[in-house]
Amino acid sequence: MMKNGVNLIGYARAESGLGEACRSAAKALQSVGVPFGIINFPRCPSRQTDLSWKHKEVKKPFYKTNIFFINTDQLYHHYTLNTLKREWFINRYNIGYWHWELPEFPDAWVKSFELINEIWVPSLFTLNSISSKTSKPVHFIPHAISVEVPEINRTHFSLPNNRFLFLTMFDLHSTTARKNPFAVIEAFKKAFPQNDPTVGLVIKINNASHFLNEVNLLKQNIIGFNNIFLIDKVLSRKEVNGLMYVTDSLVSLHRSEGFGLPLAEAMYLGKPVIATNWSGNIDFMNKNNSCLVDFTIKNIEGNYGPYSANQQWAEPDINHASSIMKKIVSEEKYANQIGILANKTIMHKYSPKEIGKLYKQRLNIIN
């Protein structure tokens, strides 16, 4: 007889957004006392060095319900190869916790729906996208947000102390075209004089070694700007949290987000966050708790990884972003007010306990 509880199956050790999603689920379940075990699935390109939930790892599933933190394209692939063991699916209630960043869900991935009973998604944007391609239940259950900050200061990152620092960060595996860092650089250059000593832009990139051409392009873009700082060395998860904490504002001129984890994390830390006013992040961002950037909807110009040319995404307004950057540097009271409301929103609606209640309600109905 299988017990009530949850098997979390995903990239539990991976230093990536998908890894963080799995760990966030563990925090949510633990906070409301739902029994669970974690099966770490190591087949992904990210570093496997986050061992924060190692004590909950098991070799096989013990409970009635599986939640797969493995995206649709990978789930079917690994099921057919049996690298994701087929017997784990049998006689269990199977949930896919899935992300997708565009309005239309790819037809090529629809096969994965056959493997699961229902889908959970972190944003209403993803819910609309996925529910148009399946008759199976799709439930909106966001990520739980909490950020541990180590004792750390700017010197640790070789960053200057007496200036306002913007931060933008992205993983090159998530595709540069979608994350759109060149727009952040352009907006910063428009907002402030070259080498202005009162401000700085920090660019943190992940998985640089896999995308050398893109990194070189980024480096060329910041030549001659001694107030733009590129961090392309590997940082631990805690160091990344520390970097968000010691900088003053996070900027994301993304073209699309399934959720926008770093945005929610920076808001939790009380930072004024500047982001494109479109897609997954607008569930938790509004004009009172963040700085939202105008955009136009454009056709995607080429194929970028899974994002194909027959779809659309947002093109953020660089002039608008630039004026917001100027405003939060010059108007300290405004920036602080945004940060205070940002923290309140995330603490109140996205805490592990609040999200844990959503998990528990749905699991009680299933079981």
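Reading the values: rules and limits
- Residues numbered from 1 in each chain as written.
- Predicted model: local features only at pLDDT ≥ 70, side-chain atom pairs only at ≥ 80, totals over all residues.
- Heavy atoms only, no water.
- Buried < 20%, exposed > 50% of the residue type's maximum accessible area, 1.4 Å probe, protein only.
- Helix = DSSP H or I, 4+ residues; strand = E, 2+ residues; numbered from the N terminus.
- Pairing = 2+ DSSP bridges.
- Contact = heavy atoms within 4.5 Å.
- Axes fitted to C-alpha atoms, helices over the stretch in contact; angles between N-to-C directions.
- Salt bridge = Lys/Arg side-chain N within 4 Å of Asp/Glu carboxyl O.
- 1 Å grid on protein atoms, 1.4 Å probe; cavity = no way out; pocket = protein on both sides within 12 Å on 5 of 7 lines; lining within 4 Å.
- Points joined across faces, edges and corners; volume = space filled by probe spheres on them.
- Nonpolar A, V, L, I, M, F, W, Y, C, P; charged D, E, K, R; others polar.
- Expected span 1.5 Å × (residues − 1).

A. Representation of the pairing of strand E8 (residues 199–206) in the model. In terms of residue burial, E8 counts as a mostly covered element, since 7 of its 8 residues are buried. Strand direction decides the pairing type here: strand E7 (residues 164–171) and E8, joined by 8 bridges, are parallel. Paired with leucine 167 across the two strands is valine 202, which belongs to E8. Here E8 pairs with strand E9 (residues 228–231) via 4 bridges, running parallel. Within the sheet, the bridge partner assigned to valine 202 lies in E9 and is phenylalanine 229.

B. How the structure looks around helix H3 (residues 124–131). Of all the residues in H3, the buried ones are Phe125, Thr126, Leu127, Ser129 and Ile130. Buried residues in H3 make contact with strand E5 (118–121) and strand E6 (138–140).

C. Molecular detail of the sheet that holds strand E1 (residues 3–10). Sheet architecture is open: 6 strands sit in the order E2-E1-E3-E4-E5-E6, paired in parallel fashion. In the strand order of this sheet, the two ends are held by strand E2 (36–40) and E6, each with one partner. Across the sheet, the mean angle from the axis of one strand to that of its neighbour is 25 degrees, orientation sign disregarded. Across 4 bridges, the pairing between strand E3 (residues 63–69) and strand E4 (residues 93–97) is parallel. By the bridge assignment, asparagine 66 is partnered in E4 with asparagine 94. Across the sheet, helix H11 (residues 352–366) touches E1, E3, E4, E5 and E6, and the angle it forms with E5 is around 175 degrees.

D. The pattern of salt bridges, seen in detail. The tally for this structure, following the rule as stated, stands at 17 salt bridges. Between lysine 357 and glutamate 354 there is a salt bridge, and its shortest N-O distance comes to 3.0 Å. With a gap of 3 residues between them, lysine 357 and glutamate 354 both fall in helix H11, about one helical turn apart. For lysine 357, a relative accessible area of 39% puts it in the partly exposed group. Through salt bridges with shared partners, a single ionic network connects Glu20, Arg23, Asp50, Arg237 and Glu265.

E. Region of the structure containing the layout of surface pockets. A volume near 290 Å³ is recorded for the second largest pocket. Considering the residues around the second largest pocket, the lining is formed by 16 residues, among which Asp50, Ser52, Glu148, Arg237 and Lys238 are closest to the centre. At the level of secondary structure, the elements contributing two or more residues to the lining of the second largest pocket comprise helix H1 (17–31) and helix H7 (237–246). In the lining of the second largest pocket, the residues fall into 2 nonpolar, 5 polar and 9 charged.

F. Representation of H1 within the structure. Its 15 residues give H1 an end-to-end C-alpha distance of 21 Å, which sits within 8% of 21 Å, the value for a rise of 1.5 Å per residue. Listed in full, the buried residues belonging to H1 are Gly19, Glu20, Ala21, Cys22, Arg23, Ser24, Ala25, Ala26, Ala28 and Leu29. One or two residues past the end of H1 sits glycine 33, with phi positive at roughly 75 degrees.

Function-wise, these values are silent; they only describe arrangement.
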